[in-house]
Structures are given as C-alpha cells and as structure tokens.
Amino acid sequence: MLKKIRNNIVSITIRRILALLSPTEKRRGLRMVFATMLGALLDVAGLAFMVPVMLVATDPEYIQKSNAMRWVQETSGFTDYPSFMMFLGATLLVVFLIKNSIALLIHYSHSNFSFSVATSVAHRQFIKYYQKGFQFFKSTNSAEIINNIINVPTLFASGVLISAINFVAETMIMVFIITGIAIIDTALFCAVMGVLIPSGIVIYNSSKNKLYHLGQEQIKLTRTNLSRLNQSIFGYVDVKLTGQEQHFLNTYIESQRKLNENQKIRYLISLIPTRGLEVIAILGIVVIFAYTFYFSSDQNQLFGFIALFAAAFFRVLPSMNRLLNALMGMKNHSITLNILEDGGLPNELEKFDVTPIPFHDNIEFRDISFSYNKAEIPAVRNLSFTVLKGEKIGIIGESGSGKTTLVNLLLRFLEEEKGGIYIDGVKLTKENTPGWRAIVGYVQQRVYLMDATIRENVAFGEKPEKIDSKRLEWAMKQAKLWDFVSTLKETMYTRIGENGQQLSGGQQQRVGIARALYWNSEVLIFDEATSSLDNETETAITESIEGIASGQTIFVIAHRITTLKHCDRILEIKHGQLVGEWQYADLIQNIL
Ligand code: ADP
Ligand code: MG
C-alpha cells in the first residue's frame, strides 16, 4: 500500500517537481500550499453558510427546529419569514463576495508563482544548453533546442506545476468538504463517496494513457513542425530553384495538421470530466431517491438530502472536475519533466575568469590528436609545431584535411584527446580558456550576423552605450568596411537583416574581420575567411592584415594561396597530419 502511494503518478510528479525547483521556489511553493489551504477553508465556510440558508428556503419550519437558526432570527430582528430570507440572502452574498475575492487573490499568486517558475526554468534551460558545448550544438537539431528552451518551460509551469498545485488544493478542499459531510450526515457521506470515487476512477482511467501519449507526441510534433518550417524559410532559394514549393508546403502542413489534431483530441478529452461529472451528479440524486424511498424510515428527509447533496455538489463537482483535470495535466505534460531533468537544471552560468592570459613568447601545439565521436580515423593526428608571437602562419590543405578542426582545438571548442596546446609553456585548460579566448579573434567562413545594425554587429555583444566609436571606426577602416558603410544612408546604423542578408558575402566577411579587430585580439584566426571575397578585396584585406599586424599573431587558413603572401611560414596539413612547411615563394614555385 505504502509502496503504491509512493509510486503513483501524483507523488512521483510532485517529487520530480521538487527536485527541479530552487530552494526559494520550493519555499514559495509551500506558501502556495498554505494559501490554498486558506482557500479550501473559505470554500468550506461558504458551503457551511449555504446549507442552512438552503434548508430555511426549502422548509420555513426549519427555523423553529434549529436552535442556531432561531437564535440568528431573534438576534437579527427579522421576525417575518420573507425579510429573514432576504437577510440571509444578503449575508450569503457578502460572505461569497469576500470569499471569492480572496480566492481570486490566491489564484493570482498561483499564476504569479507558476509563471515566474516558467521564466526561471527557461533561464536555466538556456544555461544548460549553453554548457552542453560546441559538439552538442553542432549535432543537435536547432528546432529541438529552441523548442526545449521556449516551449517546454511554459508547458511545465502551466501544465505540470499548476496541475500539481491544483491537485493538492483540490484534494484538500475535497477532504474538508467530505469530512464536513461525514460529520453532518453519515448516510449522505456514503452516498456521495459511493458515487464520486468510482466515477472519478472511471473518468480518469478512460483518458490517462491517451493523454500521456498525446503529450509526448505534442512535444515531438512541435519540434518537427519548427524544423520543417525552418527548412522552407532558410532554404527559400533552393526551394524555388528546385521547384519543390508544393513538396515543402505539404511536409510542413502535414506536421501542422497532426499538431492541430493532437490539440483537438486533448481539448475533447479535457471536456470529459465536466460533462461526465454532471451526469454523475444526477446519478447521485437518483441514488438519494432510492435511498430515501427504499431504505430510510423518514421519507421527509428527502428535501433536506437533496438540498445537502446539491450544496455539496455545488462545491464538490467543480472541485472534482479540477482534480481530474489536474491529474490529466500532470499526465499530459509529464514528458516536460523528462526534458528538464535530462542534464539537470544549472542555476547560474559558470563564472569565468575572463582576465586575458599572458602571452609573450609562443603558442605550442604539442603532439595533438583528436577524433570526432564516431570517426575511425582521427581528424587531427600527432600534430606538433610552435608559433612565435607575432608570426603570421598560413595553413593549407585539401578540404577535409582537418584545418577547421585544428582551429576549433585552438579556440577550445574541441578538446584534444592527446597532447596539449601551450601558451608560453602554460597548457590551455578549461579554467584558462575564457582568458585565452579574450585575446583571440576568429573570422569564420560564414560570419554569424545578427539582425541588427552594422555597428552592433561589429561591436558584437557590447551594450550600445558602451561601444567605443573611435575603436569601431579604426576596426572598420582596417577591415576595408568603412568606405562601403559611408555610402549607406544610415551609415553604420543600417540594419543588415537576419543573417546579414542585405550584405554581400564579401561585406559579411569584412564585418567579421572588423569584429575581430574591434575586440582587440592579439591572436587572429581566419578560416577561409577570404573565400568569398573578390580579388581586389582579398588583396586589400591581406594587406590590411599585414598593416595592423603590430605584434598580432595571425593564423590564416587560405582558400587561395595568394592570400598567404604575407605569411612568415605556411604549414601543409594532410589527413590531420603536418606534412610540410613552406615559404610563400617556394610554394608558388612548387605549384607552378
Ligand atoms: P577542413 O577544414 O580542412 O576542410 P575539417 O577540419 O572541417 O576539414 O574536417 C576534418 C575531418 O573531420 C573531415 O573528414 C570531416 O568530415 C570530419 N568532421 C568535421 N566536423 C565533424 C563533426 N562535427 N563530426 C564528425 N566529423 C567531422
Ligand atoms: Mg574548414
């Protein structure tokens, strides 16, 4: 029995919720429970007020039968029946007005609590995914991550958390009311219980498994839906060129239709308790008829019974209804618990020491090896070389030879399995990585651009009021971005569209270069950064790299060998290994 209680959906869900909440949230949750208890007590008080009034209304002689009523009538001074009824009615009105105002306040704090939890869980989901690291981001569908951060916390709060609070609340209300009924009338208590418990079980069991699967499916479908719509939006040009509009529309609509279908069924199931319980209430009245006519000696009790039963149902029915809905909500959205629990919920972003690390002499790659998860052949193998501060190193090699992997190792997005990278003889570790990154600038093949102004894109992540305009201008001039920006009507305040769609490929890369320069990087890494630049711009940038290289150490992975003209040395990578070291002149000669 005890085991059964421990393992039922409610206690499991509540324990899982508690494990996810922060200590403050747990305390607030506990206060919520007390507030709910107050609400439940008020509900019972309301019911307690209601019953005698109903009794007097249906049977004027009740006043004489009940000592309490007689006392109330005498004290109030309303001696005739109609005015006494009006007095009772007015009192009831005031009592319910106060009771329900307090109930609204309690509901307010409920939703306040649940939505602040939704925000804090979203906050922590973001942190969790950010801490999962580079490889996770590269290997997980973005729609899944987006859904898990945006939708799941809200579903958790409005579905599971609110449901659990409601469940506890409604259980308490039910316990209060049913105890009340048991004290007032044992027979009625048995009738109510005999009707409610089996019907509740039937209603709940009729939909619980269905709901669990629907909830799971909803999460999956939302993800698929997002991902399919993404394909159509980001693949617009390809969709148009391949003439596959109809196909993409069909795949999207198919998952959207399934999602809507899922919502439809869940909506219908949510109606079952209300409709079902109403029928059961009538069944209860029939049971009372049967009880009074066939088993009770005093048939005059009937009126009183019906009144009591009706009063009980006035509160028990919605309560029961919400209890069932809460149970279903927990079942329906329990999948969100799995998602939130997966990997836990960190509270704070890890604190990093971003003080730039000292770099005066050299960067040494010491016997570095790395392989991707499933790859048999390592992407980088036993790589060793040393780069002196201020050197400009070119890196060449066929596509797939491991150049980008090498860069990601240097940037610490990937961690070597063997060997290490040493800065002035100090190994790069998890601890000093933020300080290392503080002195490294990176221009990717495809520069990431925000839907913001050019200015904000260059001073990436800097608060607008903190942007150093002089430095910005310098960086943009160095990156040969300044002349172009000056021709724009809104100059550097021009917005460039999502992913920089309003810029050419070359301009996008110049923004990336300006960004690396703005952030004052001692080490600059260009990964095929000039691949989409025209010859003229490429030369300009190559020369500007030369020009700004006052002490900067530069790695250039080049698409065209001519970009490497100013490099001190050129390393050749093949199958993840270092196979040669060249001077630009030798290389040109060798190739020609
Ligand atoms: P390059 O930049 O020289 O073109 P990469 O460093 O990108 O080459 O890739 C080196 C090898 O590692 C390739 O064989 C590539 O297929 C593989 N590779 C790159 N990224 C991943 C990844 N995220 N997961 C598995 N294999 C990868
Ligand atoms: Mg590459």
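The structure we're discussing is the one just above.
What comes next is a walk through the structure. (Residues numbered from 1 in each chain as written. Chains lettered and ligands numbered in written order. Predicted model: local features only at pLDDT ≥ 70, side-chain atom pairs only at ≥ 80, totals over all residues. Heavy atoms only, no water.)

For residues that are not glycine, phi is negative in most cases, and the peptide bond is trans in most cases. Look at N382: it is not a glycine, yet its phi comes out positive at around 40 degrees. Relative to the elements of secondary structure, N382 occurs in strand β2 (residues 380–388). Although it is not a glycine, D424 adopts a positive phi angle of roughly 50 degrees. Structurally, the position occupied by D424 is in the loop between β4 (418–423) and β5 (426–427). (Helix = DSSP H or I, 4+ residues; strand = E, 2+ residues; numbered from the N terminus.)

Here we come to a nonpolar patch on the surface. On the surface, I282, V286, F289, Y291, F293, Y294 and F295 cluster together into a nonpolar patch covering about 790 Å² of accessible area. For F289, the location among the structural elements is in helix α11 (residues 245–295). (Patch = residues over 30% accessible without salt bridge, like charges linked within 9 Å, V, L, I, M, F, W, Y side chains within 5 Å. Areas by Shrake-Rupley, 256 points an atom, 1.4 Å probe, with all protein chains shown as cover. Salt bridge = Lys/Arg side-chain N within 4 Å of Asp/Glu carboxyl O.)

What the six strands build is an open sheet, ordered β6-β7-β8-β3-β9-β10; its pairing is mixed. The open sheet has two edge strands with one neighbour each: β6 (440–443) and β10 (577–582). With direction set aside, neighbouring strand axes in the sheet form an average angle of 20 degrees. Pairing of strand β9 (residues 569–574) with β10 involves five bridges; the strand directions are antiparallel. By the bridge assignment, K574 is partnered in β10 with Q577. Along the sheet, helix α19 (residues 505–518) contacts β6 and β7 (523–527); its crossing angle with β6, the most-contacted strand, is approximately 180 degrees. (Pairing = 2+ DSSP bridges. Axes fitted to C-alpha atoms, helices over the stretch in contact; angles between N-to-C directions. Contact = heavy atoms within 4.5 Å.)

Taken together, the four strands give an open sheet; going across it, the order is β2-β1-β4-β5, and neighbouring strands pair in antiparallel fashion. Each edge of the open sheet is held by one strand with a lone partner, namely β2 and β5. Sheet analysis places strand β1 (residues 362–370) next to β4, joined by five bridges and oriented antiparallel. What sits directly across from S369, in β4, is K418. Relative to the sheet, helix α14 (residues 403–410) contacts β1, β2 and β4, its axis offset from that of β1 by approximately 120 degrees.

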